[in-house]
Amino acid sequence: MQTTTRAVPTRATEARPRRRLRGSRTLAFWLFTGPFLLGLAVFVYVPIGWSLYLSFFEARFTVTPSEFVGLGNYREILSDSGFMGSLGTFTVFAAFIVPTTWALSLGLALLVNRLRFMRAFYRSVFFLPTACSYVAASLIWKMSIFNGVRFGLANTVLGLFGVDNTAWLADPDPPWYWLVVITTRLWLQSGFYMILFLAALQNIPRELYEAAAIDGAKTGWQTFRHITLPQLRATSTAVILLLLVAAYQAFDEFFNLLSKTTWGRPPLVELYYTALGQDQNYGKGSAGAVVLTVLICVVTLFQGRIMGFGSREEST
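If you're wondering where the values come from, they're calculated on a predicted model, not measured in any experiment.

Draft legend 1. Quick peek at the pattern of salt bridges. This structure, assessed with the given rule, holds 4 salt bridges. With a closest N to O distance of 3.2 Å, Lys-284 and Asp-80 form a salt bridge. Placement of Lys-284 in helix α13 (residues 282–306) and of Asp-80 in the loop between α2 (72–78) and α3 (81–114) is noted, with a sequence separation of 204 residues between them. Taken as a pair, Lys-284 and Asp-80 share a single burial class, namely buried. For Glu-253, the salt bridge goes to Arg-185, with nearest N and O atoms at 2.6 Å. With a gap of 68 residues between them, Glu-253 in helix α11 (residues 252–257) and Arg-185 in helix α7 (residues 177–202) connect regions that are remote in the sequence. The exposure class assigned to Glu-253 is buried, which follows from its relative accessible area of 1%. Take Arg-185: its relative accessible area is 4%, and that puts it in the buried class. Bridged by salt links that share partners, the residues Glu-76, Asp-80 and Lys-284 form one connected network.

Draft legend 2. A look at the packing of helix α5 (residues 134–145) against α7. The interhelical angle for the contact between α5 and α7, taken along N-to-C directions, is 135°, at an axis separation of 10 Å. The pairing of α5 with α7 is recorded here as oblique in orientation. Crossing handedness for the pair α5 and α7: right-handed. Judged by residue contacts, Tyr-134, Ala-137, Ser-138 and Trp-141 of α5 engage Val-180, Thr-183, Thr-184, Arg-185, Trp-187, Leu-188 and Gln-189 from α7. Of the residues belonging to the contact of α5 with α7, the class tally is 6 nonpolar, 4 polar and 1 charged.

Draft legend 3. A look at the nonpolar core. Within the largest apolar cluster, 55 residues are counted, with the highest numbers of intra-cluster contacts made by Phe-93 and Phe-254. Considering each element in turn, this core owes the most residues, 12 residues, to α7. Beyond its immediate sequence surroundings of up to four residues, Phe-93 is in contact with Trp-178, Val-181, Ile-182, Arg-185, Ala-247 and Phe-254.

Draft legend 4. Main features of the environment of Leu-242. As for its position among the elements, Leu-242 is in helix α10 (residues 233–248). For the pair Leu-242 and Thr-300, spaced 58 residues apart in sequence, the C-alpha to C-alpha distance is 8.7 Å.

Draft legend 5. Molecular detail of the confidence of the model for the protein. Taken as a whole, the protein shows an average pLDDT of 83; of its residues, 89% reach a score of 70 or greater. Of all the helices and strands in the protein, helix α14 (residues 312–315) carries the lowest mean pLDDT, 51, while α7 carries the highest, 92.

Draft legend 6. Region of interest: the packing of aromatic side chains. Throughout the structure, instances matching the rule amount to 24 aromatic pairs. With a centroid separation of 5.2 Å and 40° between ring planes, the pair formed by Trp-50 and Tyr-53 is classed as tilted. Note that Trp-50 and Tyr-53 are positioned in helix α1 (residues 11–54) at a spacing of 3 residues, about one turn of the helix. Take Trp-50: its relative accessible area is 40%, and that puts it in the partly exposed class. Classification of Tyr-53 as partly exposed rests on a relative accessible area of 39%. Here the aromatic rings of Trp-221 and Phe-224 are separated by 5.8 Å at their centres, their planes lie at 40°, and the arrangement is tilted. In this pair, Trp-221 and Phe-224 both sit in helix α9 (residues 221–231), 3 residues apart, roughly one turn of the helix. Given a relative accessible area of 16%, Phe-224 falls into the buried group. Ring pairs connect the aromatic residues Phe-90, Phe-93, Tyr-177, Trp-178 and Phe-254, which therefore count as one cluster.

Reading the values: the criteria
- Residues numbered from 1 in each chain as written.
- Predicted model: local features only at pLDDT ≥ 70, side-chain atom pairs only at ≥ 80, totals over all residues.
- Heavy atoms only, no water.
- Salt bridge = Lys/Arg side-chain N within 4 Å of Asp/Glu carboxyl O.
- Helix = DSSP H or I, 4+ residues; strand = E, 2+ residues; numbered from the N terminus.
- Buried < 20%, exposed > 50% of the residue type's maximum accessible area, 1.4 Å probe, protein only.
- Axes fitted to C-alpha atoms, helices over the stretch in contact; angles between N-to-C directions.
- Parallel < 35°, antiparallel > 145°, perpendicular 65-115°, else oblique.
- Left-handed = near helix turned anticlockwise from the far one by under 90°.
- Contact = heavy atoms within 4.5 Å.
- Nonpolar A, V, L, I, M, F, W, Y, C, P; charged D, E, K, R; others polar.
- Core = buried A, V, L, I, M, F, W, Y, C linked by side-chain atoms within 4.5 Å.
- pLDDT = per-residue confidence, 0-100.
- Phe/Tyr/Trp six-rings, centres within 6.5 Å; stacked < 30°, edge-to-face > 60°.

Below is the structure:
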């Protein structure tokens, strides 16, 4: 009787395919992420580092530093009434636009989530403004809806009730321009945050509502307050943080709606004229950008601390 023996693979032969597979995965990882990381470093991290470096130097009409001034640019930008006024104004703007957008987005998500038919249609309708350019939307609001003449949509509707024409963007007293800016931003960004809330609503277990109904809880405000809203805590915190950052980074709609007016300027527009205006003071503008970044970080961390974002209870 003849017996055959099989060759037992050694550990060395087993390790070769694993090493090759691991090496191919590493190569594929760098091939896919390398261009992105390179673009991120060149177009994001290097400019941020250069701006921080430039904020300690005198740099006029050039991005090449000429003289070390230490904290001189920071003292100059913090004593600038235009920049400090824009920070104060947009703190009030953020305090208004953040809860308004949060409430509108959550309300739209609740309405769409309750639909039994054509849910995808209405979800797309409310989300479509997000794809619109801020510049295009600002020009539509400025030239068609709130253009300040008798043929504008807003003045036409108000004229039906006997209200005279209103110069929405031409006069800061009364500040009707805030209505134009806020409605533009609400129309543009509410759909995006609605999608976030809608995804969170669809992840809430239905068993919670069934258990609440068995316990005698009434549908409506009572269920929303004690079940829906606590389940949306993580999403609400993320939405509020995103809205705070976006409020201080507002630029396009203000720049296109208010053109070159000296009132109602956000911090980024103020820094734009500081760095690219007549003086072209890049050192002062860089110092203002650093101050604005630190302010956004402090406000964001403070808000996240209040709402318990990233805490142990939140993770569990």
